[in-house]
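Chain residues, written in single-letter form:
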Amino acid sequence: MTTIRLSELENGQKARIVKINLEGDIRRRLSDMGLVNDAEVQLLRVAPLGDPVEIRVKGYELSLRKEVVSEIEVEPVNTRLVKLAAGKTARISSFGGGTELIRRLSDLGLNPGVEVTIVENHYPGAMLITLGGSRLVLSSELAEQVLVREI
Amino acid sequence: MSFSVKITIALAGNPNAGKTTLFNTLTGGHQSVGNWPGVTVEKKEGFLKYEGHDVHVVDLPGVYSLTAHSPDEVVSRNFIINEAPDVVVDIVDASNLERNLYLSVQILEMGVPSIIVLNMMDVAEKNGHKIDIAALSAEIGADVVPLVASKGQGIDDLMKRVVEAAAKKPAPAFHLNYGEEIETEISRLESVIFDLPGGTEHLPRWYALKLLEQDPDIFAKFDSGVMRKTLKESLDHLDNIFGDKAETLIASARYGFIAGLLRDVLKKPEVESRSTSEKIDRVLVNRILGIPFFLLIMLGTFEFIFTLSRPMTVGINRLFEWLGRLAVGIRPEWLGSLLGRGVLGGVGTLVSFIPPIFLLFIAIAILEDCGYMSRAAFVMDKVMHKIGLHGRSFIPMVLAFGCNISGIMACRTIENPKDRLTTILVTPFMSCGARLTIYVLLAAAFFPGQQGLVVFSLYVLGILVALLAALVLRKRVFAGESSHFVMELPSYRWPTFTGVLVHMWQRGKAFLVKAGTVILGLVVVAWFLSSMPWGVPYASGGSWIGHIGKVVAPLLSPAGFGQWQAAVSLMFGFLAKEVVVGTMGAIFGVSSGNLGQIISSQLGWTPLAAYSFMVFSLLYLPCIASINTIRAEAGGWKWALFTAVYTTVIAWVAATVIFQVGSLFVH
């Protein structure tokens, strides 16, 4: 898995901290707030002009400057299903859409915790996945809303 | 002692679980297809005799759940509640128990006598799945019957159980424990339902569950001030405790129950081998190879149809020419003329299209039954995405190659209304079997040696115009978010002989009935207009038909075919496209044999004019039966008229551009 900057996460996406490229006072203050290697963080929202950035760590919310956030390297915990290439396997974490979407997917057996394998990904066309004994075709818009954890 | 009892059974199950195969095996040819009242969902019923019992089988639409979120689900659910069938036979794909049992649990919760059929046991066994049927039956409290519907194995056992179950008192409804918090809310709602008029009928528990799942239909049934308040409290309470919607909690509880159940009754191999279907899919729907394979399969299909049908069509033409010559000799003269030129000419035209059209229906049935059709939709999704539609819209367009009507009707499976309407409106551009007659005739006369290429170019042109029209319609007229799209792909299967025949016959019969009635009526009208005023040479410029044609013809001259004969045959083509050739035949007084040469010499067409005529025939005004289907499926005359006008305008522009631009290069 590749690491990206915390600032590059999408709203709501969770990640694990891999490396903090900061020294001195600021580094210590981040550590005091729980931002240490291996800690799980979630990007909550970014203010309209890109600054500040709100994140959640160890159960509480923090507001950080953009230049600080962009020096924190993370490994995303959840990715969007649509980003996975053919042959990958992943476990469903959660859904980004509304209830109607969740209902339809859960009728088809696509629930959090379920393991899926990507057979083909024709992005921006649809993708073909297998789960249990069935094969499902999901449009890219739908696969965009499915958050998964790669295995 | 045995009584003959009338038994009604309802077949329920997931799509692709083998419901249709079982339905065909049970009822054979004794079935009828109609519509469920008020919705455009197909209703299939059939009858069989089993040991003296009259068994009425109703095939419910394939669904994954029994909520009220799609017409299919509402139809299935209402039938089970309101019609109270003697037995609900729930068909389950044995190789995919987890997902399929989700629906079974919902059916069992309704408290109707049910039998669970484990279909495709052979596939499950091949995958190394061992199912403890006795334990499964004991845990869910319903009969479980193993079956291989495609091979007819287990049918007799199933019917025995059906007769037994119909005679028995229904067992109490299956009771799934949803956990303390949800159970408390269920009880609260149950007591509210009890106090409402008619609340004790059926199952208050089932209704309470549906209310928690926020089912709009059930809510309307029990809507009251108290209910509103109680339900809101219940939903808020659950949301507070679990941080999730009640319907998600209920679905999770059902899946949780099934997972536990399967731990007891299902043994799977440690490492599941990759299924055959998956191996095939990695090649056949591959990102790069998918579209070439699709085109190859399409080309193969058309090759199959034309190679097999050509000799049959030639034979039928000869037979009717000969019969026609005999009939013209009949006296009085007008009767001979009506029978020979009119009736036999028209019927002959119809009959000669039976071979290619039925072969096309066979090919489509094979592609559907083996599982490829939905793969084609997946492969084409990338292309369809660019024009704002989904791959699912592509299936109706392929079906329309057979007959536009079956294509337009297949649009019902598209859920998003804007996608559906767009697909309905562009489907008439797909070249149907009837239009093929025009190409075959003219391509042979004007493009000898290149018929295949010319015909293929017209099919491709039809697809391109359809895609282009869809792009404009979807992005301009019906602008809006593209919908989410999810579809299950069936396993690849060998199509069964009876399955393919039943499919072919259902579509073919509809085509024959439509064509038969329309054409027979029309040829009499055409014959009459061509013969009046009495005494003029048949279908000459002096006949009524000639006069009508001469009025319209000048409009068509920019496109290169401004002769009255062409105008008349195109006008009759509105009734049915195969009539275009028939009318030409009637006007020139010959059957299809050397009609092409006569058109070439009498009308003085260049190959360019002939091609322009074919393009116009492809694109203009769909036949009256298609227009009527568009009215029914798109919901009103507005869209039917819109289609009639816009297709004709596009046809005129396309034919004129091809003729005028072509004339600059070809002299």
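Residues numbered from 1 in each chain as written. Chains lettered and ligands numbered in written order. Predicted model: local features only at pLDDT ≥ 70, side-chain atom pairs only at ≥ 80, totals over all residues. Heavy atoms only, no water.

A.B. asks: Which parts of the structure should I look at to understand helix α12 (residues 276-284) of chain B?
C.D. replies: Note that an α-helix has 3.6 residues per turn; residues three or four places apart therefore point the same way. Inspection of α12(B) places B:Ser277, B:Glu278, B:Asp281 and B:Leu284 among the buried residues, and these make up the whole buried set. Along the long axis of α12(B), the arc covered by the buried residues comes to 135°, so they all point the same way. Contacts from the buried residues of α12(B) go to β9 (115-121), β10 (127-131) and β11 (134-138) of chain A together with α13 (290-328), α16 (372-386) and β10 (486-489) of chain B. (Buried < 20%, exposed > 50% of the residue type's maximum accessible area, 1.4 Å probe, protein only. Helix = DSSP H or I, 4+ residues; strand = E, 2+ residues; numbered from the N terminus. Arc of directions from axis to C-beta. Contact = heavy atoms within 4.5 Å.)

A.B. asks: I would appreciate a short explanation of the packing of aromatic side chains in the present structure.
C.D. replies: The description of an aromatic ring pair rests on the distance of the ring centres and on the angle between the ring planes. Residues and elements named next belong to chain B. Summed over the entire model, instances satisfying the criterion amount to 21 aromatic pairs over all chains. Here the aromatic rings of Phe 174 and Phe 257 are separated by 5.4 Å at their centres, their planes lie at 55°, and the arrangement is tilted. Separated by 83 residues along the polypeptide, Phe 174 in the loop between α6 (155-167) and α7 (180-195) and Phe 257 in helix α11 (residues 246-265) bring together distant segments of the chain. Taking relative accessible area as the criterion, Phe 174 reaches 12% and is therefore assigned buried. Here the aromatic cluster, defined as three or more aromatic residues joined through ring pairs, consists of Phe 446, Phe 561, Trp 605, Phe 613, Phe 616 and Tyr 620. The ring of Tyr 492 is capped by Arg 375, whose NZ or CZ atom sits 3.9 Å from the centre of that ring. The aromatic ring of Trp 637 is capped on one face by Arg 631, whose charged end is 5.3 Å from the ring centroid. (Phe/Tyr/Trp six-rings, centres within 6.5 Å; stacked < 30°, edge-to-face > 60°. Lys NZ or Arg CZ within 6 Å of the ring centre and 35° of its normal.)

A.B. asks: Teacher, can you tell me more about the nonpolar core here?
C.D. replies: When a protein is soluble and globular, its nonpolar side chains tend to lie buried together. Residues and elements named next belong to chain B. Tyr 439, Leu 442, Phe 561, Ile 599, Trp 605 and Phe 613 are the most contacted members of the largest nonpolar core, which totals 106 residues. With near-sequence residues (within four places) excluded, Phe 613 lies in contact with Ile 438, Leu 442, Phe 561, Ala 566, Ser 569, Leu 570, Val 580, Met 584 and Trp 605. Core analysis: the second largest hydrophobic core is formed by 62 residues, Val 63, Phe 174, Tyr 178 and Leu 249 among them. (Core = buried A, V, L, I, M, F, W, Y, C linked by side-chain atoms within 4.5 Å.)

A.B. asks: Teacher, can you tell me more about the pattern of salt bridges here?
C.D. replies: Charged atoms that come close allow side chains of opposite charge to pair. Residues and elements named next belong to chain B. Scanning the model with the defined rule gives 30 salt bridges over all chains in all. A salt bridge links Arg 77 to Asp 215; the shortest N-O distance between them is 2.3 Å. On the criterion of sequence distance, the pair formed by Arg 77 in helix α2 (residues 71-83) and Asp 215 in the loop between α8 (204-212) and α9 (216-222) is long-range, its members being 138 residues apart. Take Arg 77 and Asp 215: they sit in the same class, and that class is buried. In this structure, Asp 122 engages Lys 151 in a salt bridge whose closest nitrogen and oxygen atoms are separated by 3.2 Å. With Asp 122 in helix α4 (residues 121-126) and Lys 151 in the loop between β8 (143-146) and α6, this pair connects stretches of sequence that are 29 residues apart. Here Asp 122 falls in the partly exposed class, since its relative accessible area comes to 26%. Connected through shared salt-bridge partners, Glu 109, Lys 210, Glu 213 and Arg 254 make up one network. (Salt bridge = Lys/Arg side-chain N within 4 Å of Asp/Glu carboxyl O.)

A.B. asks: Looking at this model, I keep getting lost on the interface of chain B and chain A. Mind explaining?
C.D. replies: Often, the extent of an interface is quoted as the loss of accessible area on bringing the components together. The interface is formed by 40 residues belonging to chain B together with 35 residues belonging to chain A. Across the chain B to chain A interface the summed buried area is about 3200 Å²; carbon plus sulfur atoms make up 55%. Contact with chain A buries surface across chain B, with B:Phe378, B:His484 and B:Val486 losing the most and accounting together for 21% of the total. Viewed at the interface, chain A and chain B are joined by 17 residue pairs in polar contact (both at pLDDT 80 or more). (Buried area = accessible area lost by both parts, 1.4 Å probe. Polar contact = N/O pair within 3.5 Å; in protein donor to acceptor, adjacent residues only side chain to side chain.)

A.B. asks: What should I look at first to understand the pairing of β9(A) in this one?
C.D. replies: Consecutive residues of a regular strand have side chains that alternate between opposite faces of the sheet. All names here are of chain A. Here β9 lies mainly inside the structure; 6 of its 7 residues are buried. Two elements, strand β8 (residues 89-95) and β9, share 3 bridges in a ladder whose sense is antiparallel. By the bridge assignment for β9, Thr 89 is matched with Thr 117. Taking the residues that link successive antiparallel strands as the turn, the β9-β10 hairpin has 5 residues. (Pairing = 2+ DSSP bridges.)

A.B. asks: How do you make sense of the domain arrangement of chain B when you look at a structure like this?
C.D. replies: Taken domain by domain, chain B holds domain 1 (6-167), domain 2 (180-267) and domain 3 (291-489 + 497-665). With centres defined by C-alpha atoms, the gap from domain 2 of chain B to domain 3 of chain B works out at 53 Å. (Domains from an automatic or database assignment.)

A.B. asks: It is not clear to me how the sheet that holds β10(A) should be interpreted in this structure. Could you clarify?
C.D. replies: Through backbone hydrogen bonds, the strands of a sheet pair up, either in parallel or in antiparallel fashion. Read across the open sheet, the 7 strands follow the order β7(A)-β12(A)-β8(A)-β9(A)-β10(A)-β11(A)-β10(B); overall the sheet is antiparallel. Each of the sheet's edge strands pairs with one partner strand only, and the pair in question is β7 (79-80) of chain A together with β10 of chain B. Pairing geometry for β7(A) and strand β12 (residues 146-150) of chain A, over 2 bridges, is antiparallel. Bridging from a neighbouring strand, A:Thr79 pairs with A:Val148 of β12(A). Across the face of the sheet, α12(B) comes into contact with β9, β10 and β11 of chain A together with β10 of chain B while running at roughly 30° to β9(A). (Axes fitted to C-alpha atoms, helices over the stretch in contact; angles between N-to-C directions.)

A.B. asks: Got a minute to help me understand the packing of helix α20 (residues 433-446) of chain B against helix α27 (residues 607-619) of chain B in this structure?
C.D. replies: When two helices pack together, you describe them by how their axes are tilted relative to each other and by the distance separating the axes. Residues and elements named next belong to chain B. Running from N to C, α20 and α27 point in directions that differ by 175°, and their axes come no closer than 10 Å. In terms of orientation, α20 and α27 fall into the roughly antiparallel class. Only Pro 607, Ala 610, Phe 613, Met 614, Ser 617 and Leu 618 of α27 make contact with α20, whose side of the interface consists of Arg 435, Ile 438, Tyr 439, Leu 442, Ala 443 and Phe 446. Within the contact of α20 with α27, the residues separate by chemical class into 10 nonpolar, 1 polar and 1 charged. (Parallel < 35°, antiparallel > 145°, perpendicular 65-115°, else oblique. Nonpolar A, V, L, I, M, F, W, Y, C, P; charged D, E, K, R; others polar.)

A.B. asks: For this particular structure, what's the right way to read the pairing of strand β6 (residues 114-119) of chain B?
C.D. replies: All names here are of chain B. For β6, a buried count of 6 out of 6 residues is recorded, marking the element as mostly surrounded by other parts of the structure. Alternating residues of β6 divide into Ser 114, Ile 116 and Leu 118 and Ile 115, Val 117 and Asn 119, and every residue in both groups is buried. Where strand β5 (residues 87-93) and β6 come together, 6 bridges link them in parallel fashion. Directly across from Val 92, in β6, lies its bridge partner Leu 118. The parallel pair β5 and β6 is bridged by helix α3 (residues 97-109), and the resulting crossover is right-handed. Here β6 pairs with β8 via 4 bridges, running parallel. (Right-handed = clockwise from strand over helix to strand, strands pointing away.)

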